[in-house]
Amino acid sequence: MSSRILETIMADDKNHLFQNYGARKPVCFVKGEGCHLIDQDGKRYVDFFSGIAVTSLGYGNRAFRNALHRQIDSIIHSSNHFYNREQNEAGRLLAEASFPGKTLFSNSGTEASEAAIKLARRYGMSLGKKRYEIITFSNSFHGRTFGGMTATAQKKIHEGFGPLVPGFIYLPYNNIERFARETKKNRNICAVMIELIQGEGGIVIADKHFVRDLFRICAKNGILTIVDEVQTGIGRTGAMFGYQHYGVTPDIITLAKGLGGGVPIGAIHAKSFLADFLPGGAHGSTFGGNHLACAAAAAVLKQVRGKKFLENVNAVSRYFFDALNALAGKVGLIREVRGMGLHIGIELTRPGADMVYRALENGLVINCTAEKVIRIMPPLTISMKTAREGMKIFERLLMQEGGRQ
Ligand SMILES: Cc1ncc(COP(=O)(O)O)c(C=O)c1O
């Protein structure tokens, strides 16, 4: 897979950059077209990854590009010292797509987690001095800054960083008895933070009864519900937000990834009364919600909320599940296919890292998480034709592998 151009890029990476991402895959994408990516040597790939569920509109989407060009030609950044019409519009569109409330913009998912944690603590501590504890769940992922990292109930993410933020309680996912017991005995809990599909945790789906009972218990005890929609939000699961599959309304949602279509942006959207708990000076960001990022978010939201848009997500999703379940019947390598919309996990019977490399060699970008789970999360604009093109490659890989067993 190596070319002279790639070797130079790889050497420059080693010379100039931290190596905190471990061994990067030996590819440097230089262009995107629709749902395809093109590398440093001009080779084309079907994109089933969308930059970890970020490039929701694919590459070169006309309305998105035009919105960005217009914004770049007028103003990219002023600061949160001033009013910002693009922020207003993105906030309005978010409220229309979710629930009546207010939005606070940041730059990433982990910053959205931080804002949600700070807001929940301010709210809780207005009720009682010690009411700052937050429940999160095993195998969760909420980010890499200290708050987000501490909220993430995975030891390997914490290692080597010294004391974490106090006040987090980790409970097993999908276990309502443990949740009920903890909230009954502990009166210092201000919030629970949950992913309804654990993405980094291996596409593990929250059980409907668990979620409904959890929301009921929280409502009864004045505990805020924070749903981490960083990965599941903005159409990824076939609904605008993951929580909409569950018939519940959270107090706070956190957003990032697909919201900006590739332009970095994060946000929390919260019920209006909560906005009062972060008054002037309590929280902020220099870049958060700048003109360009919010113009991007508004352009994404306008497309995703169109009825046809989610119809496509759901139609392609059905195709994937049918094709993958049929494949699972043919090869012994697949333990389970699970997910929602275009957020799909294929759990293998063995580690899947090498599969990612072999897919790349064959012109397909996929990802492996939680060691054995191949993740398929293409741009939401993917056509049936491109989905079939990528699946053909994936099927061939698995059939070769299955044949070897
Ligand atoms: C559910 C969830 N929350 C938070 C984050 C953190 O987002 P970011 O990497 O933008 O800080 C991620 C990132 O993968 C995520 O999947």
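**Q** Explain the domain arrangement of the chain to me, and be specific about the residues and the numbers.
**A** We note that the domain assignment places domain 1 (4-60 + 307-404) and domain 2 (75-304) within the chain. Taken over C-alpha atoms, the centre of domain 1 sits 27 Å from the centre of domain 2. In this complex, domain 1 contributes 27 residues to the contact, which on the side of domain 2 involves 26 residues. Both sides of the domain 1 and domain 2 interface together cover about 2100 Å² of buried area, and 60% of this is carbon and sulfur. At the junction of domain 1 with domain 2, the criterion picks out 1 salt bridge. For the salt bridge of Arg 375 with Glu 200, the shortest nitrogen-to-oxygen distance reads 3.0 Å.

**Q** With reference to specific residues and values, describe helix α3 (residues 62-74).
**A** Helical periodicity: at 3.6 residues per turn, an α-helix aligns residues three or four positions apart in one direction. Over its 13 residues, α3 runs 18 Å from end to end, which matches the ideal 18 Å to within 8%, given 1.5 Å per residue. Here the buried face of α3 lies against α4 (85-97) and α11 (291-304).

**Q** Lay out the environment of Thr 110 in plain terms, naming residues and giving numbers.
**A** Secondary-structure assignment places Thr 110 in helix α5 (residues 109-127). A relative accessible area of 14% means that Thr 110 is categorised as buried. Note: C-alpha distance between Thr 110 and His 142 (32 residues apart in sequence) is 6.2 Å.

Quick notes on the rules
- Residues numbered from 1 in each chain as written.
- Predicted model: local features only at pLDDT ≥ 70, side-chain atom pairs only at ≥ 80, totals over all residues.
- Heavy atoms only, no water.
- Domains from an automatic or database assignment.
- Contact = heavy atoms within 4.5 Å.
- Buried area = accessible area lost by both parts, 1.4 Å probe.
- Salt bridge = Lys/Arg side-chain N within 4 Å of Asp/Glu carboxyl O.
- Helix = DSSP H or I, 4+ residues; strand = E, 2+ residues; numbered from the N terminus.
- Expected span 1.5 Å × (residues − 1).
- Buried < 20%, exposed > 50% of the residue type's maximum accessible area, 1.4 Å probe, protein only.

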